[in-house]
Amino acid sequence: MSDLKLQHLEKIYDNKVQAVYDFNLNVKDGELIVLVGPSGCGKSTTLRMVAGLEDITAGNLIIDGNDVTQMPPKDRDIAMVFQNYALYGHMTVYENMAFSLMLRKENKNEIHQKVMAAAEILDLTTQLNKKPAQLSGGQRQRVAMGRAIVRTPKVFLFDEPLSNLDAKLRSSTRREILLLHKRLNATILYVTHDQTEALTLADRIVCMSMGHVQQIGTPLELYDTPANLFVAGFIGLPPMNLFDVEIKNGQAVCAEFTLDLTSAEKEILTEYEGKTVTLGVRPENVVPGGTINVDVISNENLGQNTLVNGTVGKHKITCKFRDWCNYKYGDTVQVSFNKKHFFDKETTNAIRA
C-alpha cells in the first residue's frame with residue numbers, strides 16, 4: 001500500500017461556489033482515515049478529487065511521492081467503493097469482481113487466483129455464480145469491496161458504503177471493513193456522515209463543516225478534547241450538553257447553578273474573568289448527586305445504562321446514568337458534573353492551557 005498527501009486542496013465550481021477550503025492531510029501507509037461531517041460539508045467532494053472524479057481547483061495530491069494532481073483517474077491506481085454498489089446486473093459476482101482485471105487483459109489464471117482470494121476474504125465463495133439481484137444489500141457491498149480488492153490498488157476510497165444498509169447489516173459490514181483493513185494493511189480514505197462509523201473504524205478522523213477542516217485526530221482526541229463547539233456537538237451520541245456561564249471569582253455561574261472551578265480550570269479561564277463562556281458536559285459526565293436540579297422529561301432504559309432527558313431551567317440536558325433508573329416525567333433529579341469543557345463564545349474554540 002501507499003502514503004497519501006493532500007496539500008492545500010481547494011474546490012471551486014464554475015458557479016463560484018467553493019466546496020472545499022485549504023484541505024491538508026498526510027495519510028500514512030496502511031492508515032484508515034475517516035472524513036466525517038454533515039451533508040454538504042465537502043467530504044465527498046474531497047474524496048472525488050482524490051479519485052480524479054472532480055478536478056482540483058488548487059493544491060496538490062501526492063501518492064507515494066508522485067504528484068498525481070493532473071493525472072487521469074485510471075492512472076492513479078485508486079479503487080473506489082460507492083454508496084450504491086455500482087455492480088453490473090447482467091454479470092455474475094465472479095464476473096463483476098474480475099471485470100477490471102479483464103479490461104487490463106491480465107492472465108486468466110492470475111485473475112482467477114485474485115478473485116478467489118478476495119472471495120475467501122469476504123466470504124463470497126458460495127455466491128460467485130449468482131447475479132447481484134439475488135444477493136442481500138450486505139452481500140452486494142462485499143462484492144463491491146471484492147472488486148476493489150482484486151485490483152490491489154495503492155489507495156482504497158469508500159464513499160458512504162454502509163448508508164443503504166439496515167442497522168444490523170451496517171454493524172456486521174463495519175466489522176468486515178475493519179477486518180479487511182487489518183488483513184490487507186490497506187491505506188483507506190473513508191467518507192461517512194455517521195459518527196458511530198467514524199469512531200469505530202478510524203485510526204484518525206477528519207471532522208469537516210462547510211468545506212473547512214475543523215479537527216484532525218484520533219477518535220479519542222476528538223471525543224475527549226474537541227477543538228471547538230462544532231466538533232463537540234457533532235461527535236458523541238447523545239451530543240454534549242451546553243450552557244452559557246459567567247466566570248466570576250473562581251466559579252462558573254448561571255441562573256440555575258453555580259459551580260466551583262478546579263485550580264486547573266481557574267488557570268485556563270483567567271482571561272475570561274467577568275465574561276460569559278460556553279460550558280460543555282458529556283451526558284456520561286452528568287452524575288447523580290449534587291446541587292444541580294434536573295426536571296425530568298423522559299427516562300430511556302438501555303440495559304446497562306439509562307438516558308434521562310430533562311431541563312435545567314431553560315437549558316435542555318441529557319444524562320447518561322450507569323444504573324437502571326425509573327424516573328418519571330415531572331421528577332427532579334439532583335446531579336453534578338465530573339468533567340467539564342469550556343469554549344470561547346466568540347470564536348467557539350475550546351479554551352485550554
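Just so you know, these numbers come straight off a predicted model, no measurement behind them.

A. Spatial organisation of the packing of helix H2 (residues 93–103) against helix H4 (residues 137–149). Close contact between H2 and H4 brings their axes to 7 Å; oriented N to C, the two are set at 30°. For the element pair H2 / H4, the angle class is roughly parallel. As for the relative orientation of H2 and H4, their crossing is right-handed in sense. Contacts between H2 and H4 involve Val93, Asn96, Met97 and Ser100 from the former and Val143, Gly146 and Arg147 from the latter. Tallied by class, the residues present in the contact of H2 with H4 amount to three nonpolar, three polar and one charged.

B. Highlighting the environment of Lys314. As for its position among the elements, Lys314 is in the loop between strand S16 (306–312) and strand S17 (315–321). For Lys314, a relative accessible area of 73% corresponds to the exposed category. Measuring from C-alpha to C-alpha, the distance between Lys314 and Leu220 comes to 31 Å, with 94 residues separating the pair along the chain.

C. Local environment of the sheet that holds strand S7 (residues 155–159). Reading across the sheet, the six strands line up as S6-S7-S8-S3-S9-S10 and stay open at both edges, with mixed pairing between neighbours. What marks the edges here is a single partner per strand, and that holds for strand S6 (78–81) and strand S10 (212–217). Strand-to-strand twist in this sheet, taken as the mean axis angle between neighbours without regard to direction, amounts to 20°. As paired strands, S6 and S7 are joined by four bridges and run parallel to one another. Along S7, the bridge assignment pairs Ala79 with Phe156.

D. Quick look at the packing of aromatic side chains. One pass over the full model with this rule turns up eight aromatic pairs. Ring centres of Phe257 and Phe337 lie 5.9 Å apart, and the angle between their planes is 90°; on these two criteria the pair is classed as edge-to-face. Separated by 80 residues along the polypeptide, Phe257 in the loop between strand S12 (251–253) and strand S13 (258–260) and Phe337 in strand S18 (residues 332–337) bring together distant segments of the chain. Chaining the aromatic ring pairs together yields one cluster made of Phe156, Phe158 and Tyr190. For Lys275, the ring lying beneath its charged end belongs to Tyr272, and the centroid distance is 6.0 Å. The side chain of Arg282 reaches across the aromatic face of Tyr223, ending 4.1 Å from its centre.

E. Structural view of the state of the cysteines. Inspection of the entire model under this criterion finds zero disulfides. The thiol of Cys254 is unpaired, and the distance to the nearest cysteine sulfur, on Cys319, comes to 14 Å. Look at Cys254 and you get buried, because its relative accessible area is 13%. For the unlinked cysteine Cys319, the closest cysteine sulfur is that of Cys325, found at 9.3 Å.

F. Local environment of helix H5 (residues 167–184). With 18 residues, H5 ought to run about 26 Å at 1.5 Å a step, and its terminal C-alpha atoms sit 26 Å apart, in line with that. What H5 keeps buried is the set Thr173, Arg174, Ile177, Leu180 and His181. Buried residues of H5 fall within an arc of 120° about the axis and therefore sit on the same side. For H5, the exposed residues set more than 90 degrees away from the buried face come down to Lys168, Arg175 and Lys182. The secondary structure elements touched by the buried residues of H5 are strand S3 (32–36), helix H3 (108–121), H4, S7, strand S8 (188–192) and helix H6 (195–201). One or two residues past the end of H5 sits Asn185, with phi positive at roughly 50°.

Definitions and cut-offs
- Residues numbered from 1 in each chain as written.
- Predicted model: local features only at pLDDT ≥ 70, side-chain atom pairs only at ≥ 80, totals over all residues.
- Heavy atoms only, no water.
- Axes fitted to C-alpha atoms, helices over the stretch in contact; angles between N-to-C directions.
- Helix = DSSP H or I, 4+ residues; strand = E, 2+ residues; numbered from the N terminus.
- Parallel < 35°, antiparallel > 145°, perpendicular 65-115°, else oblique.
- Left-handed = near helix turned anticlockwise from the far one by under 90°.
- Contact = heavy atoms within 4.5 Å.
- Nonpolar A, V, L, I, M, F, W, Y, C, P; charged D, E, K, R; others polar.
- Buried < 20%, exposed > 50% of the residue type's maximum accessible area, 1.4 Å probe, protein only.
- Pairing = 2+ DSSP bridges.
- Phe/Tyr/Trp six-rings, centres within 6.5 Å; stacked < 30°, edge-to-face > 60°.
- Lys NZ or Arg CZ within 6 Å of the ring centre and 35° of its normal.
- Disulfide = S-S within 2.5 Å.
- Expected span 1.5 Å × (residues − 1).
- Arc of directions from axis to C-beta.

Worth remembering: the numbers are spatial, not functional.
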